[in-house]
Amino acid sequence: MTKVYRKSDEVLTPLGMGTEENFRAVLEGRSQLRLHEGTFGVKEPFFASLFDRDAIMAEALKKGIEGYSFFETIMILTADSAISKAGISASSPDTVFVFSTIKGNVDALEKGSEDVLLSSSAERVSRYFGNPNSPITVSNACISGLAALIQGQRILRGSRARNVVVVGAEVQSKFIVTGFQSLKALSPEQCKPFDAGRQGLNLGEAAAAMVLSTDPSDWELVEGAVRNDANHISGPSRTGEGSYNCLRAVVQDKEELAFISAHGTSTAYNDEMESIAIERAGLLDIPVGALKGYYGHTMGAAGILETAISMKAVENGTVIATRGFTGNLGVSRPVKVSNENGKTTRQAFVKLLSGFGGVNAALLCRRGGGR
Amino acid sequence: MKEVKIYSDGRVVIDGTETIYEQKGMALLEHLYRTEVRDYPKFFKMDALCKLGFLAVELLVRDEKDRFTPREDRAVILFGKSGPLCNDRNYQATVADFPSPSLFVYTLANIVTGEIAIRNKYKGESSFFVMSEKDEKTMKNTLEEAFQDPMTAEAVTGWINCMEENDFEAEIKIIVK
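Worth saying up front: this structure is predicted, and the values here are computed from it rather than measured.

Novice: Help me understand the interface of chain B and chain A, please; the structure alone is not making it clear to me.
Specialist: Many authors give the size of an interface as the accessible area that is lost as the parts come together. Tallying the contact residues gives 50 residues for chain B and 51 residues for chain A. Carbon and sulfur atoms supply 57% of the area that chain B and chain A bury against each other, a total of about 4,200 Å² over both sides. Taken together, the connections running from chain B to chain A amount to 7 salt bridges. The partner of K103(A) in a salt bridge is D88(B), and the shortest N-O contact between them spans 2.8 Å. At the boundary of chain B and chain A, one finds 27 residue pairs in polar contact (both at pLDDT 80 or more).

Novice: Explain the sheet that holds strand β4 (residues 46-49) of chain A to me, please; I cannot follow it from the model alone.
Specialist: The pairing of strands in a sheet happens through backbone hydrogen bonds and is either parallel or antiparallel. All names here are of chain A. Sheet architecture is open: 3 strands sit in the order β3-β4-β8, paired in mixed fashion. If you trace the sheet from one side to the other, it starts and ends with β3 (33-36) and β8 (203-204), each paired once. As defined by bridge partners, β4 adjoins β8 across 2 bridges and the pair is classed as parallel. Bridged to S49 within β8 is G204.

Novice: Honestly, the packing of helix α5 (residues 144-157) of chain A against helix α6 (residues 136-146) of chain B in this entry has me stumped. Any pointers?
Specialist: Pairs of packed helices are described in terms of their axes, by the angle between the two and the distance that separates them. Relative orientation of the contacting elements α5(A) and α6(B) amounts to 95 degrees, with a least axis distance of 9 Å. The orientation of α5(A) with respect to α6(B), classified from their angle, is roughly perpendicular. Here Q151(A), R154(A) and I155(A) of α5(A) come into contact with α6(B), specifically with T142(B), E145(B) and A146(B).

Novice: I'm lost on the packing of α5(A) against helix α10 (residues 302-315) of chain A in this one. Help?
Specialist: All names here are of chain A. Between α5 and α10, the shortest axis-to-axis distance is 5 Å and the interhelical angle comes to 75 degrees. Regarding the angle of α5 to α10, the classification is roughly perpendicular. Taking contact as the criterion, the partners of G145, L146 and L149 in α5 are, on α10, G303, I304 and T307. Its residues assigned to classes, the contact of α5 with α10 comprises 3 nonpolar, 3 polar and no charged.

Novice: Honestly, the domain arrangement of chain A in this entry has me stumped. Any pointers?
Specialist: Residue and element names in this part refer to chain A. Each domain of chain A was delimited in the assignment, giving domain 1 (5-213) and domain 2 (219-367). Centre-to-centre, using C-alpha coordinates, domain 1 lies 20 Å away from domain 2. Between domain 1 and domain 2, the contact holds 65 residues from the first and 68 residues from the second. Among the residues domain 1 hides against domain 2, the three largest losses belong to L146, F194 and R198. Together they make up 17% of the total. Our enumeration of links across domain 1 and domain 2 arrives at 4 salt bridges.

Novice: Quick question: what am I supposed to make of the pattern of salt bridges here?
Specialist: Opposite charge on two side chains makes pairing possible when the charged atoms of those side chains draw close. All names here are of chain A. Counted according to the given criterion, the structure contains 46 salt bridges over all chains. For D271, the salt bridge goes to R198, with nearest N and O atoms at 3.5 Å. Taken as a pair, D271 in helix α8 (residues 268-280) and R198 in the loop between α6 (174-182) and β8 lie far apart in primary sequence, 73 residues in all. Here D271 matches R198 in class, with each residue buried. A salt bridge links K254 to D285; its shortest N-O distance comes to 3.1 Å. With K254 in the loop between α7 (241-250) and β11 (257-261) and D285 in the loop between α8 and β12 (287-289), this pair connects stretches of sequence that are 31 residues apart. In this structure K254 comes out as partly exposed when scored by relative accessible area, which is 26%.

The rules behind these values
Residues numbered from 1 in each chain as written. Chains lettered and ligands numbered in written order. Predicted model: local features only at pLDDT ≥ 70, side-chain atom pairs only at ≥ 80, totals over all residues. Heavy atoms only, no water. Contact = heavy atoms within 4.5 Å. Buried area = accessible area lost by both parts, 1.4 Å probe. Salt bridge = Lys/Arg side-chain N within 4 Å of Asp/Glu carboxyl O. Polar contact = N/O pair within 3.5 Å; in protein donor to acceptor, adjacent residues only side chain to side chain. Pairing = 2+ DSSP bridges. Helix = DSSP H or I, 4+ residues; strand = E, 2+ residues; numbered from the N terminus. Axes fitted to C-alpha atoms, helices over the stretch in contact; angles between N-to-C directions. Parallel < 35°, antiparallel > 145°, perpendicular 65-115°, else oblique. Nonpolar A, V, L, I, M, F, W, Y, C, P; charged D, E, K, R; others polar. Domains from an automatic or database assignment. Buried < 20%, exposed > 50% of the residue type's maximum accessible area, 1.4 Å probe, protein only.

Encoded structure:
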């Protein structure tokens, strides 16, 4: 099968623009997660990692990016940077765009606008880049970002394009925040993945882009899988069924794994489910970490953002500390989670995500000639 | 190849045979449930998109032997333009006073794939792709690409769209690798 590589990536988060800058911030334990009171007109305070929208829109305007929603603007900014780093032609018929988001411009509904279709945003962003192909948007709940990377990999293996630009973003809104509040899924404080004291998730905003290609480069996207629990639309399987089936499908040689970058939302059920899936897959001796304590749950951006940061971590020989974890494990299986940065010489990792609708995804990434 | 089409104007086409119902829109979906399914009360909790997708697949697979035996080799891969737009409007209407958790859950495009997977015990891939129009070529390419997964031997796949609760269409079939 044709091999698929990451040609470049870019992330834009409340911690800043740039994968490198974000990785440095994460290594230093920084986060923009904080309590928001009255933001978006939400009555009940909530803990989240949110952008300074005015600053980003001003930055975009300087680059001549004008007339797009905030959601579309952050996708354009990250994709533009990833595309120029990759040195590919975005307007070539040989370049295909794959988008990832859950709710896109949904905040426009509140203002009475019906211009909230995910496909409309995808069309506008791909037209900004002059791309002639009809774009596709993966909207697979919280696994969207990984599902989009997997779709990009498949497009290249199927020889439908030479390069694929995968772009994911999520912006928060009254719509999303009140929804998670109504489900009682939000933590009133900093989220604590895998911790005994975890009380739920924090929401986050981010955009992330990755250019994939068949041209050999540092990182290979080796194998990906998407599996459904076939159990419940808003709760994970108690046996970790789908997540376990994903791990079974993608892990080839566990000895090469530096870590598993878990979904780790810090909800009671998700983290417990992941610990069960990891045990069933025979991976309890592999370090496990979650990035939600730095960024919150960035939904449609999470898969791409967390994959890009995990690649940096492997390059730096680091297993990133799980921010928010206090050292008191709160899941039934003894997964190796740490609140301190660790060292590794291994050259591969697995990114895991799970989401509503019973979906799960896993992606194995490997650096250079590792193994 | 098996295929089921359901349109909000009352047309239901099963393997090429068309039936025109008096009932239109949501009334059509409830009528189909009451006459063709009956044993899955969770149906009434679903939003319009899920009801539509659920029913199309019921009509598609109801005569299969051992249809409820769990299987990982059949994927659910759907395409559409609206996603959960109808239900987004319904949820938005509750946001100011008492945001409804039961409506919020259905504001995700892929819940319809999850409902189908749960009903039929499909543990394979489930994916929802949003497109601006029913582009058969991209749908065909995407489905072929999904078959790169060695576990996926067949797929419940097709177009599903619900712009308004009384303006919808589903064209769902089973494709074997």
